Amino acid sequence: MLKFITHRPFWVNLITAGVLAVVVFVIFILSLNFLTNHGRSRTVPMVTGKTFAEAQKILTREGFDIVIQDSLYVDTLPPMSILKQVPESDAVVKVNRTVYLTINRAVPPMIDMPNLIGYSFRNAEMNLSSAGLRLGDTIYKSDFARNSVLDQMYNGGHISAGTKIQMGSSITLVLGTGVGETQFNVPNLVGWTYGDAKAKLEENGLNILVVQADPASRDSLNEYIYRQDPQRFNEEGNPMRIRTGQLISVWLSIVKPVVTDSTNNLPGPQ
């Protein structure tokens, strides 16, 4: 071969090389169109929401390859259903393109139960949702911490934080009613300053609400209580009862009222 080339004139070899280069280039261009499926495209069908078996049948029939890219768990959708596809439906792509699928897991994953005790109901509900759990029943129990989570339950019993539980499970929350079980005789607050009465009531788990303050005063804590609701006695003269967490409304004045009830008691458990 070397002798054949060297014994030919240079210009002949040059022309031969040029022709070969053109032929190789043309073959390359033609094969490139074939290998890249130039001009051959198809529309990606929608398989989101279908079962994996259905999606596989549809995509294979249309000439697409399939790869399961990820799996998630959504308890409101059927197991093994398609949650997401890439490319999306109606996208125009070349034939033999791979469609990547995200499927819904058939078995719920196990997660750690969060600690919800002490949370407000709203925060507990958000934490359940973010953990992939659902709110089941709500049970109310006497406690002055209104709408605060007192206990968390699963299948009728207490469930501790960190316990493994299936995602999507329903959790029952035990909430405080805002009213405790301890009862008091309603105290007579008339004649007390608002500051003193407030401090003493809060020590006993009672709440106080100012309905009306004296507009002439700049310091409500030193104003005097001249009216309250509920009062110490009912219309029959019997002592009124109040529970922890309940509210006593008061009216204030800068003038100290005349106290007709000399006992002027503040609450104590009865």
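To be clear, the structure that these remarks concern was listed above.
Described below are features of the structure shown in this document.

About the criteria used
- Residues numbered from 1 in each chain as written.
- Predicted model: local features only at pLDDT ≥ 70, side-chain atom pairs only at ≥ 80, totals over all residues.
- Heavy atoms only, no water.
- Helix = DSSP H or I, 4+ residues; strand = E, 2+ residues; numbered from the N terminus.
- Buried < 20%, exposed > 50% of the residue type's maximum accessible area, 1.4 Å probe, protein only.
- Contact = heavy atoms within 4.5 Å.
- Areas by Shrake-Rupley, 256 points an atom, 1.4 Å probe, with all protein chains shown as cover.
- Pairing = 2+ DSSP bridges.
- Phe/Tyr/Trp six-rings, centres within 6.5 Å; stacked < 30°, edge-to-face > 60°.
- Lys NZ or Arg CZ within 6 Å of the ring centre and 35° of its normal.
- Salt bridge = Lys/Arg side-chain N within 4 Å of Asp/Glu carboxyl O.
- Axes fitted to C-alpha atoms, helices over the stretch in contact; angles between N-to-C directions.

## Thoughts on the overall build of the protein
Move 1: Helices and strands together make up the secondary structure of the protein, namely five helices and 16 strands.
Move 2: Looking at the protein as a whole, 30% of its 270 residues qualify as buried.
Move 3: Relative to all contacts within the protein whose residues are 6 or more apart in sequence, the contacts with residues 24 or more apart total 74%.
Move 4: Summed over its atoms, the accessible surface of the protein is roughly 17,000 Å², and 55% of this surface lies on carbon and sulfur atoms.

## Digging into the pairing of strand β16 (residues 247–253)
Two faces make up the sheet, and in a regular strand the side chains alternate between them.
Move 1: Burial within β16 is extensive, with six of its seven residues counted as buried.
Move 2: The pairing of strand β13 (residues 207–212) with β16 spans five bridges and is classified as parallel. Bridge assignment links valine 210 to a residue of β16, and that residue is valine 250.
Move 3: For strand β14 (residues 224–229) and β16, the ladder comprises five bridges, and the chain directions are antiparallel. By the bridge assignment for β16, tyrosine 224 is matched with serine 253.

## Remarks on the packing of aromatic side chains
Each aromatic ring pair is summarised here by two numbers: the centre-to-centre distance and the angle between the ring planes.
Move 1: This structure, assessed with the given rule, holds zero aromatic pairs.
Move 2: The ring centre of tryptophan 251 lies 4.0 Å from the NZ or CZ of arginine 227, which sits over that ring.

## Quick word on the pattern of salt bridges
Move 1: With the rule as written, the count across this model stands at four salt bridges.
Move 2: Residue aspartate 75 is joined to arginine 134 by a salt bridge in which the shortest nitrogen-to-oxygen separation is 3.4 Å. Of this pair, aspartate 75 sits in the loop between β2 (65–72) and β3 (82–86) while arginine 134 is found in strand β7 (residues 134–141), placing the two residues 59 residues apart along the sequence.
Move 3: Judged by its relative accessible area of 44%, arginine 134 is partly exposed.
Move 4: Aspartate 112 serves as the salt-bridge partner of lysine 164, at 2.9 Å between the closest nitrogen and oxygen. Of this pair, lysine 164 sits in strand β10 (residues 164–166) while aspartate 112 is found in strand β6 (residues 110–112), placing the two residues 52 residues apart along the sequence.
Move 5: Taking the relative accessible area as the measure of exposure, lysine 164 reaches 53% and is therefore exposed.

## Some details on the pairing of strand β8 (residues 149–154)
Move 1: The pairing of β8 with strand β11 (residues 170–176) spans four bridges and is classified as antiparallel. Bridge assignment links valine 149 to a residue of β11, and that residue is leucine 175.
Move 2: In this sheet, strand β9 (residues 157–158) lies alongside β8 in antiparallel orientation, the contact comprising two bridges. From the neighbouring strand, methionine 153 faces β9, where its bridge partner is histidine 158.
Move 3: Hairpin connection between β8 and β9: a loop of two residues separates the two successive antiparallel strands, and asparagine 155 in this loop has a positive phi of roughly 55°.

## What to know about unusual backbone geometry
Move 1: Cis geometry is found at the peptide bond from valine 86 to proline 87, where omega equals 0°.
Move 2: Residue position: proline 87 is located in the loop between β3 and β4 (92–94).
Move 3: Cis geometry marks the peptide bond from aspartate 229 to proline 230, where omega comes out at 5°.
Move 4: Considering the arrangement of structural elements, one finds proline 230 in the loop between β14 and β15 (241–243).

## Brief notes about the sheet that holds β14
Move 1: Here we have three strands laid out as an open sheet, ordered β13-β16-β14, and mixed in their pairing. The open sheet has two edge strands, β13 and β14, and neither has a second partner. Each strand axis lies, on average, 40° off the axis of its neighbour in the sheet, ignoring direction.
Move 2: On the sheet, helix α5 (residues 194–203) packs against β13, β14 and β16 and is oriented at approximately 150° with respect to β13.

So far we have only geometry, and geometry alone does not tell us how the molecule works.
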